[in-house]
Amino acid sequence: MLRALSISAVAAAAAIGVAFAAGEGGHVEDYPFSFDSPVGAYDMSAVQRGYQVYAEVCASCHAVEHLAYRHLGEEGGPFAAYMVRNHETGEEEMVVRKPEHGGRFVDVTENPYVRAIAQAATISDIDPNTGQPVDRPGRISDKFLPPFPNEIAARAGNGGAYPPDLSVIVLARHGGADYVRALLLGYTMEMDGDLLVNTAFPGGRIAMPPPLTDGRVTYSDGTEATVEQQANDVATFLQWAADPHMEQRKRTGLVVLAFLAVLSGLLYLAYKQVWRGESH
Amino acid sequence: MSGPSTYEPKSGFTRWLDKRLPILRLSHDSFVAYPTPRNLNYWWTFGSMLSLCLVVQIVSGVVLAMHYIPHIDFAFDSVQRIKRDVPYGWLIQPMHAVGASMFFLAVYVHMFRGLYYGSYKAPREVLWILGCLIYALMVVTAFLGYSLPWGQMSFWAATVITNILGALPFVGESIQVWIRGGGAIDQATLNRFFSLHYLLPFVIAGVVALHIWALHEVGQNNPTGVEVKSKADTVPFTPHATIKDLFATSLFVILFAVFMFYMPDALGHADNYIRANPLQTPPEIVPEWYLLPFYAVLRAFDFNIGPIDSKLAGVIAMFASIGVLFVLPWLDTSKVRSMRYRPIAQQCFVIFVAVCIGLGFCGGQNPGRILAPATFSATLNWVEGGEVRQEPVSADSDAGYAEAASAAEQALRGQGAALVASSRTGETTGAARGVFGGTARSQSVSAGTMEELDAAIGEAKTAAAASAPYFIVERRVPFTFTVTRLSQLLTAYYFLFFLVILPVLGLIETPRRVPDTIAKPVTGQAAGAS
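Remember, it's a predicted structure, so these values are computed and weren't measured experimentally.

1. A closer look at the sheet that holds strand E7 (residues 439-447) of chain B
Residues and elements named next belong to chain B.
Item 1. The three strands are arranged E7-E3-E8 in an open sheet whose pairing can be described as antiparallel. Sheet topology places E7 and strand E8 (471-476) at the edges, where each strand pairs with a single neighbour. Averaged over all neighbouring strand pairs, the angle between strand axes comes to 15°, with direction disregarded.
Item 2. Sheet analysis places strand E3 (residues 376-384) next to E7, joined by nine bridges and oriented antiparallel. Counted as the bridge partner of Phe-376 is Ala-447 from E7.
Item 3. Sheet strands in contact with helix H16 (residues 450-464) are E3, E7 and E8, and its direction is about 15° off that of E3.

Pasting the structure below:
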């Protein structure tokens with residue numbers, strides 16, 4: 001009786017889940033991102049390229065307030081550096097990618113790539129000696145420099161629309177990275193008053209002009225910068241920005257689940273042992 | 001129930017301690033020697049899971065509180081900082097958030113089990129009431145905790161819930177201001193919510209101790225609902241129940257881990273990753289899944305009941321839906337505990353579970369969503385060609401305008417106008433228009449929703465606009481089976497189950513015969529019973 005009931009309850013719960021998933025909003029295509037599956041990791045080349053798209057395109061309007069420059073070079077970040085011994089010369093070389101095996105993680109304070117990115121920004125600060133406002137080059141401990149000092153300035157600079165912060169945008173929207181990608185590809189190039197028609201945006205009308213065009217950025221790794229490529233890359237970067245510990249979490253989860261499976265098996269055997277010969 | 005203590009201190013120190021603080025004796029009697037019915041099934045293992053959940057929530061919560069900042073400007077950022085920069089924060093924060101859902105999942109199974117097997121009946125009324133009290137405290141604690149990340153859903157859930165308290169007559173407004181610490185949800189609200197969210201789990205822990213105390217006084221119920229008759233019907237808690245609980249809890253932890261490591265945000269709402277904004281209401285305001293059924297009950301009342309307005313009726317019903325659990329032991333009149341032997345009650349119970357799940361579905365939907373297909377239709381009447389004539393309307397007073405306008409329309413109609421309409425331009429002035437000549441045309445449109453119908457009307461108007469300046473539109477709105485209607489049906493059954501079905505059924509239902517193997521002590525039939 002109760003068994004049948006519990007099965008039907010699970011089925012009902014699943015049906016409700018499906019009903020929720022099929023909520024309103026625009027058309028969002030399900031794209032097979034590298035991080036979708038339970039064991040899927042970030043495609044770090046895509047995160048690096050996506051960072052470039054963010055920095056050269058999105059960053060002129062959108063902040064990522066929860067990200068600091070150092071996050072780029074921490075373990076699991078797109079610019080994490082490793083020392084790897086070159087088998088031919090025998091010397092240690094620095095590479096910006098986790099090697100297949102071996103390699104010694106370079107602390108982010110020693111990471112020249114991240115330092116260069118941080119120093120390119122000009123941060124307003126207080127001079128520690130004079131107490132006067134002063135501009136200085138960014139440090140890796142600084143948060144990403146926002147394009148506008150506050151929301152009012154952001155609205156004033158964008159015709160009244162507020163470009164939302166992007167650091168958790170994939171978590172803050174139904175559809176996540178798929179939504180971000182679909183939004184960037186969803187322009188029909190039609191206008192409706194001051195707004196643009198976008199098939200992915202809820203309501204179908206968006207204030208943001210299409211940010212991407214073919215060749216908008218020039219990738220240093222030689223990848224052709226089509227609009228779709230840029231959209232995939234920046235969606236991957238924003239997924240990383242919202243969930244930088246995903247890889248670590250999934251790895252830990254695998255170990256935890258394996259442990260729990262073995263534990264459950266042993267506990268089941270112990271349970272059978274204890275109850276052997278007991279009528280119940 | 002437990003009988004005399006069987007604890008025997010083994011060492012010199014334990015003998016010394018036993019004379020001064022018999023805490024080891026208490027532990028031994030409660031968790032080792034405690035006699036537990038041998039026929040308990042897996043539905044009885046959820047109590048252990050719940051104690052695990054409480055410990056997980058308190059431990060992870062204490063760690064989170066070390067890093068969380070209860071300030072409206074920094075709370076949202078501090079949660080992000082915990083997930084990004086605090087060592088193992090990426091593990092502890094989802095543990096706490098997913099843990100709340102797992103806690104409620106386990107408590108619902110635990111409660112439905114108590115309901116099905118009649119665990120609330122004498123002598124376990126106090127045990128049941130303490131359980132209901134724990135559940136009510138859990139609901140409050142979860143609500144308070146949900147507001148702490150200070151996202152959009154945190155803020156607006158807090159707004160909605162404190163708003164509905166304002167519906168209470170006479171004292172509502174004072175209570176609302178008292179709970180919020182001011183007129184609106186603000187810094188004072190966040191501070192007190194944080195303080196209470198830290199306090200209440202320890203109150204829960206205290207009531208849990210009472211719950212376990214009461215349990216150990218009256219003994220556990222069992223699937224047959226027939227009291228344990230002798231020592232032969234029981235096994236010692238350790239190792240028998242302990243190992244079974246550990247095994248089941250281990251499976252539960254696997255489910256917990258799957259959510260925590262692979263779907264940490266699946267049970268939450270995306271809007272809570274948007275910083276709270278008092279000036280922008282989110283498109284939908286919904287609570288976490290575990291409170292959706294009560295939200296559906298609250299919103300089911302879209303009508304006034306005599307002097308009680310719909311808002312207050314919803315609030316009363318929502319509180320009553322939890323409150324009715326407290327008096328359940330005196331509502332169910334059946335002498336038979338377990339629904340295993342109550343064929344009709346069993347079916348009503350199954351429907352009740354489905355109703356609760358259905359209410360959860362309704363709570364998550366837009367209340368106006370139409371569930372059954374309906375046809376909205378409209379007829380447009382207009383005159384093609386013809387000539388428009390306008391007559392001014394003026395009345396002596398504001399109240400006399402309607403009369404004057406209809407008189408003017410009547411006059412135009414008298415002159416042979418095919419279509420008349422009037423529009424008001426001031427308190428006592430307006431204009432009546434009539435279309436003369438031309439050919440009368442009519443068109444019907446239909447659609448599945450009101451919005452689609454309006455769109456269809458708009459299209460029809462545009463198509464005919466060139467030749468006709470004025471339209472008369474008759475809309476026909478059919479009865480629509482919306483989410484609100486479904487909520488009303490389900491809410492009705494929810495209360496019917498407790499207030500009518502259980503009291504009446506107990507008096508008229510003929511229970512199934514309890515098998516002899518159960519009516520007599522088990523060990524006599526050890527070979528047959530399994």
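2. Remarks on the domain arrangement of chain B
For an interface, size is often stated in terms of accessible area lost upon the parts coming together.
Item 1. Entries for chain B in the domain assignment read domain 1 (284-372 + 481-530) and domain 2 (376-476).
Item 2. For domain 1 of chain B versus domain 2 of chain B, the separation of C-alpha centres amounts to 52 Å.

3. Side note on the pairing of strand E2 (residues 92-95) of chain A
Residues and elements named next belong to chain A.
Item 1. In this sheet, E2 lies alongside strand E1 (residues 82-85) in antiparallel orientation, the contact comprising four bridges. If you follow Met-83 over to E2, its bridge partner there is Met-94.
Item 2. Between E1 and the antiparallel strand that follows it, E2, lie six residues; Gly-90 among them carries a positive phi value of about 80°.

4. Remarks on the interface of chain B and chain A
Item 1. Opposite the 51 residues of chain B that make contact, chain A presents 46 residues.
Item 2. Summing both partners gives a buried area of about 4,300 Å² for chain B against chain A, and 68% of it is carried by carbon and sulfur.
Item 3. When the buried surface of chain B facing chain A is broken down by residue, B:Arg84, B:Trp90 and B:Tyr262 rank first, second and third, together holding 19% of it.
Item 4. Linking chain B with chain A are three salt bridges.
Item 5. On inspection of chain B and its partner chain A, the count reaches 14 residue pairs in polar contact (both at pLDDT 80 or more).
Item 6. Elements that contribute at least two residues to the side of chain B that touches chain A include exactly helix H4 (75-84), helix H5 (89-116), helix H10 (237-262) and helix H14 (343-363) of chain B.

5. Considerations on the packing of H4(B) against H5(B)
Residue and element names in this part refer to chain B.
Item 1. Running from amino to carboxyl end, H4 crosses H5 at an angle of 125°, the nearest separation of the two axes being 6 Å. Judged by the inter-axis angle, H4 sits oblique to H5. Contacts from Val-79, Ile-82 and Lys-83 in H4 reach Gly-89, Trp-90 and Gln-93 in H5.
Item 2. The class makeup of the residues in the contact of H4 with H5 is three nonpolar, two polar and one charged.

6. A closer look at the nonpolar core
Item 1. Within the largest apolar cluster, 118 residues are counted, with the highest numbers of intra-cluster contacts made by B:Phe104, B:Leu115, B:Tyr135, B:Tyr494, B:Phe497 and B:Phe498.
Item 2. Counting 55 residues, the second-largest nonpolar core is a separate cluster that includes A:Phe79, A:Leu166, A:Val180 and A:Val217.

7. Focus: empty space enclosed by the protein
Item 1. Within the structure shown, the criterion is met by three cavities of 30 Å³ or more.
Item 2. By volume, the largest cavity amounts to about 120 Å³.
Item 3. Around the largest cavity, the lining is made up of 13 residues, and of these A:Ala242, A:Asp243, A:Arg249, B:Lys83 and B:Trp90 lie nearest the centre.
Item 4. Put simply, the parts of the chain that give the lining of the largest cavity at least two residues each are H4 and H5 of chain B.
Item 5. Per-class residue counts for the lining of the largest cavity are seven nonpolar, one polar and five charged.
Item 6. Space inside the second largest cavity adds up to approximately 40 Å³.
Item 7. In this structure, the second largest cavity is lined by B:Leu419, B:Val420, B:Ala421, B:Arg433, B:Gly434, B:Val435, B:Tyr470, B:Phe471 and B:Ile472.
Item 8. Of all the secondary structure elements, the ones that give two or more residues to the lining of the second largest cavity are strand E5 (419-424), strand E6 (429-436) and E8 of chain B.

Analysis parameters
Residues numbered from 1 in each chain as written. Chains lettered and ligands numbered in written order. Predicted model: local features only at pLDDT ≥ 70, side-chain atom pairs only at ≥ 80, totals over all residues. Heavy atoms only, no water. Pairing = 2+ DSSP bridges. Helix = DSSP H or I, 4+ residues; strand = E, 2+ residues; numbered from the N terminus. Axes fitted to C-alpha atoms, helices over the stretch in contact; angles between N-to-C directions. Contact = heavy atoms within 4.5 Å. Domains from an automatic or database assignment. Buried area = accessible area lost by both parts, 1.4 Å probe. Salt bridge = Lys/Arg side-chain N within 4 Å of Asp/Glu carboxyl O. Polar contact = N/O pair within 3.5 Å; in protein donor to acceptor, adjacent residues only side chain to side chain. Parallel < 35°, antiparallel > 145°, perpendicular 65-115°, else oblique. Nonpolar A, V, L, I, M, F, W, Y, C, P; charged D, E, K, R; others polar. Core = buried A, V, L, I, M, F, W, Y, C linked by side-chain atoms within 4.5 Å. Buried < 20%, exposed > 50% of the residue type's maximum accessible area, 1.4 Å probe, protein only. 1 Å grid on protein atoms, 1.4 Å probe; cavity = no way out; pocket = protein on both sides within 12 Å on 5 of 7 lines; lining within 4 Å. Points joined across faces, edges and corners; volume = space filled by probe spheres on them.

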